[in-house]
Every structure is written in C-alpha cells, then in structure tokens.
Amino acid sequence: MKGAARLAPGTPSPAPAWAGSDPYAAALRSGHGPLFLRRTDGWLLPLEVERWCARADAVDLEVLDRCEGAVLDVGCGPGRLVAELAARGRTALGIDVSEAAVTRTVRLGGQSLRRSVFEPLPGEGRWDTVLLMDGNVGIGGDPRALLARVAALLAPGGLLIAETAPVDVDERADVQLVGVTDAHAAGSPFPWARIGTRALLRRAGAAGWRSAGQWTSGGRRFVALRSSRPASSSAEPPNSTAVISSQRARKPSADSPVTPA
C-alpha cells in the first residue's frame, strides 16, 4: 500500500500514508481486528487480521510448498509465512512498510526489513520466488508497475506466486485504513487495486510473464507466474548470510530492519 498519488509504471513509491497509522499497528500488535479498507465512496473491505497473525494455515503451507529457492515475501505483514520458511531452514526475507509488522515478524523468528517494494532491496535480480499474498498484488494501485518491479527482483525464470481476489474483478481505487466502520481513517487516501485471476493473467501475459499455474484452496485463489527476463552471467542467487548481513548493516530507521526488543 503506497501514497495517495497514482504512479507511472516503474516510478518508486513514496512512503505510504498509512504506514504509521494507529488502526493497522494496533491490529497487528493485538492480533485481531476489526480492520477495513474503506473506499472514498464508503465501501468497506474487511481485512483478515486474525488469520494474518496466526500461524501459517494449511492453505499457506500449500503455497510455501510451491516456493523455490530463496523467497522474498512482499508485504509480509506480521510474518507468518517468513517465520514458517525460516523454521524450514529456507532463505527468506519479508519486507513491509509497517514497523509493527516487521517487529512481529522478527519476534517470530523471521528475517524482515522495513521497506517498500519500490525501494532498493537486498538481492535484486536474484530472488528465486516472490510472494504477493493476502491481496498484496494490489500494492500501489497499479498491477502493471508492480509486475514490472517484481520481474526486476526475480532471477531469470524466477517464480511469482500471487493471491488474487476471490471474485472476477479488476479495479483501482483510493482507500483508507479504518479500525471500525464509523471511525475516522488515519492519513490520506492511498491507491489500491483488487484484481482477480483472469485479469492478472491477462495483464501478466501482456507484460511477458508465462503462466505457471492457478489454483483455489480454502476459498482463496492463487496464480503462479514465471519471469521471462533473460539470464545475466553475473547474477548469483541470494543466500542467507547475504540477506542477514544486509539487514544488520544499519540501525533501525524507516528504511532499515527492526530487531527484537
């Protein structure tokens, strides 16, 4: 989720208006909602805070079983997926713009960095798998720009697994985060997208991605895509030492990791 102005494809996003908002941070710290995305016309989308803050469930585990090599979880939230991958001994890094999300991920045993996907990241062009779960394919309100950014993060032939909307939709809207239906939202509206499987496959195909599968599990829908970026002889896969070192290089700030208290 990024700032309020819509961005041209490939344009780095500013810090999102909601990054320090009380409703989001409070929900992650408590482990429960209510929390909603509210469009400017008043429409509400409930967010599944309890599921995000629980351990990875059976549907999540199916997704993680499909991951290849080193995994980057974009918009990792409270870190259930990164923590599960770490417990499996996998190289994995979560990124999120929320300090509360990063803190919780690290406390669960996962590696996490407080940063936007549109900012410089460790291992660019060398990740084997990128995850866009829990609606994060909507980050920035422009799926085309996000697909282009993910392609730059992945190694040639790398795998993107995205969770799509449970309905056939392709929409962009300005939204705010609210803790209860009648509360005032924190911060300015920011652009967000909801996109279903059919629309994502159409957009991805136009951008040169190859379909690697689609499935439904537990009422949730997923798409797997392969990057068609050509190989570079200088690219090397990320490794756990490099990921961890990149996170410990600086003190915690808006662009650096948060370590356990």
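Residues numbered from 1 in each chain as written. Predicted model: local features only at pLDDT ≥ 70, side-chain atom pairs only at ≥ 80, totals over all residues. Heavy atoms only, no water.

Considerations on the overall build of the protein
Part 1 of the argument: Secondary structure assignment for the protein yields eight helices and eleven strands.
Part 2 of the argument: In the protein, once contacts between residues fewer than 6 apart in sequence are set aside, the share between residues at least 24 apart is 67%. (Helix = DSSP H or I, 4+ residues; strand = E, 2+ residues; numbered from the N terminus. Contact = heavy atoms within 4.5 Å.)

Re the environment of A148
Part 1 of the argument: Along the chain, A148 turns up in helix α6 (residues 143-153).
Part 2 of the argument: Considering only alpha carbons, one finds A148 and S227, 79 residues apart in sequence, at a separation of 9.9 Å.

Considering the sheet that holds strand β2 (residues 44-46)
Part 1 of the argument: Read across the sheet, four strands follow the order β2-β1-β8-β9 without closing on themselves; strand pairing throughout is antiparallel. Two strands lie at the open edges of the sheet, namely β2 and β9 (190-195), each paired on one side alone. Taking the axes of each pair of neighbouring strands and ignoring which way they run, one obtains an average angle of 45° across the sheet.
Part 2 of the argument: When strand β1 (residues 36-39) meets β2, the two strands line up antiparallel, connected through three bridges. Bridging from a neighbouring strand, F36 pairs with P46 of β2.
Part 3 of the argument: Strands in contact with helix α7 (residues 197-206) are β8 (170-178) and β9; relative to β9, the strand with the most contacts, it is inclined by about 105°. (Pairing = 2+ DSSP bridges. Axes fitted to C-alpha atoms, helices over the stretch in contact; angles between N-to-C directions.)

Some points on α7
Quick reminder: α-helices carry 3.6 residues per turn. Residues three or four places apart thus point the same way.
Part 1 of the argument: All buried positions along α7 are accounted for by T197, A199, L200 and A204. For α7, the angular spread of the buried residues around the axis is 165°, confining them to a single face. Counted as exposed and oriented over 90 degrees from the buried face of α7: R198 and A206.
Part 2 of the argument: Where the residues of α7 are buried, they touch α6, β7 (154-164), β8, β9, β10 (210-217) and β11 (220-226).
Part 3 of the argument: After α7 finishes, the residue G208 shows a positive phi value of roughly 95°. (Buried < 20%, exposed > 50% of the residue type's maximum accessible area, 1.4 Å probe, protein only. Arc of directions from axis to C-beta.)

Concerning the sheet that holds strand β3 (residues 71-74)
Part 1 of the argument: The mixed open sheet is built from seven strands, whose spatial order is β5-β4-β3-β6-β7-β11-β10. The open sheet is flanked by β5 (112-114) and β10, the only strands paired with a single partner. For this sheet, the mean angle separating the axes of adjacent strands, direction not counted, is 20°.
Part 2 of the argument: Alignment of β10 against β11, held across seven bridges, turns out to be antiparallel. Residue R210 lies in a different strand from β11, and its bridge partner there is R226.
Part 3 of the argument: Across the sheet, helix α3 (residues 58-66) touches β6 (127-132), β7, β10 and β11, and the angle it forms with β10 is around 160°.
Part 4 of the argument: With respect to the sheet, helix α5 (residues 99-107) is in contact with β4 (92-96) and β5, its orientation differing from that of β5 by roughly 165°.

A short note on the pattern of salt bridges
Part 1 of the argument: The tally for this structure, following the rule as stated, stands at 19 salt bridges.
Part 2 of the argument: Here E48 makes a salt bridge to R51, at a shortest N to O gap of 3.2 Å.
Part 3 of the argument: With a relative accessible area of 43%, E48 lands in the partly exposed category.
Part 4 of the argument: R51 sits in the buried class, given a relative accessible area of 16%.
Part 5 of the argument: One salt bridge in this structure joins R198 and D168, with 2.2 Å as the shortest N-O distance. (Salt bridge = Lys/Arg side-chain N within 4 Å of Asp/Glu carboxyl O.)

Structural notes on the packing of helix α1 (residues 22-30) against α5
Part 1 of the argument: For the pair α1 and α5, the least separation of the axes is 8 Å and the interaxial angle reads 20°. Comparing the axis directions of α1 and α5 gives the class roughly parallel. Here α1 and α5 pass one another in a crossing that is left-handed. Within the contact between the two elements, α1 uses A25, L28 and R29 and α5 uses A100, A101 and R104.
Part 2 of the argument: When the residues that make up the contact of α1 with α5 are grouped by side-chain class, the tally is four nonpolar, no polar and two charged. (Parallel < 35°, antiparallel > 145°, perpendicular 65-115°, else oblique. Left-handed = near helix turned anticlockwise from the far one by under 90°. Nonpolar A, V, L, I, M, F, W, Y, C, P; charged D, E, K, R; others polar.)

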